[in-house]
Amino acid sequence: MLRLGTLVSLVVLAACASSGGTRPATRGSVSGRWSGSFRSSGSASSATFGPAMPNRGSGTISLRPLGSGVPATHVEISIRDAAPSMSLAWAVFGGNCGSPAPIVAGQNQFPVISVSSSGEGHVVADVSFALDPKSDYHANVYFTPRVNDMNDIMMCANLTPE
């Protein structure tokens, strides 16, 4: 009888381990997709960002893993109401907006957003990084064509798993 009880216990433990029953829940998404909305100049916390300009802009960002076996992410950014005919840098960082967390890939991997004369800009890029569903991330858009420092941030978006 003792052997049968031991055998049943082992089978139950093995079933829990193989089904993931003992793994802690994560905040990440099943799809691996993330998105965010850039803070507009009307946001109270945006006063800490960049130089005063009459039009800071707004927009969205969406990210999804490429699934190619290499850690790479497909990123799409759309911005509107930005100062016309500018070239704007952007990048993804760890942590939430305003945190001094590190960039997730090299600066040169994030192509510049070209803003049209109407104040709209779009960029689509495949960048070599993967987002950990247990971590927080944000994306910054800069007033300049190069990622610089916190004083040059035009707008920021906290990224949320979908």
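Basis of the calculations
Residues numbered from 1 in each chain as written. Predicted model: local features only at pLDDT ≥ 70, side-chain atom pairs only at ≥ 80, totals over all residues. Heavy atoms only, no water. Pairing = 2+ DSSP bridges. Helix = DSSP H or I, 4+ residues; strand = E, 2+ residues; numbered from the N terminus. Axes fitted to C-alpha atoms, helices over the stretch in contact; angles between N-to-C directions. Disulfide = S-S within 2.5 Å.

Participant: Describe the sheet that holds strand β3 (residues 73-80), with residues and values.
Facilitator: An order of β5-β8-β9-β1-β2-β3-β7 is seen for the seven strands of this open sheet, with the pairing classed as antiparallel. Only two strands of the sheet have a single partner each, and these edge strands are β5 (90-94) and β7 (121-127). Across the sheet, the mean angle from the axis of one strand to that of its neighbour is 20 degrees, orientation sign disregarded. Direction of pairing for strand β2 (residues 58-65) relative to β3: antiparallel, over a ladder of eight bridges.

Participant: I'd like to hear about the state of the cysteines, residue by residue, with values.
Facilitator: Scanning the model with the defined rule gives one disulfide in all. Residue pairing for Cys97: its cysteine sulfur links by disulfide to Cys156, the two sulfurs lying 2.0 Å apart. The chirality of the disulfide connecting Cys97 with Cys156 is left-handed, given an S-S dihedral of about -95 degrees. Here Cys97, found in the loop between β5 and β6 (113-114), pairs with Cys156, found in strand β9 (residues 153-161); they are 59 residues apart in sequence, far enough to count as distant.

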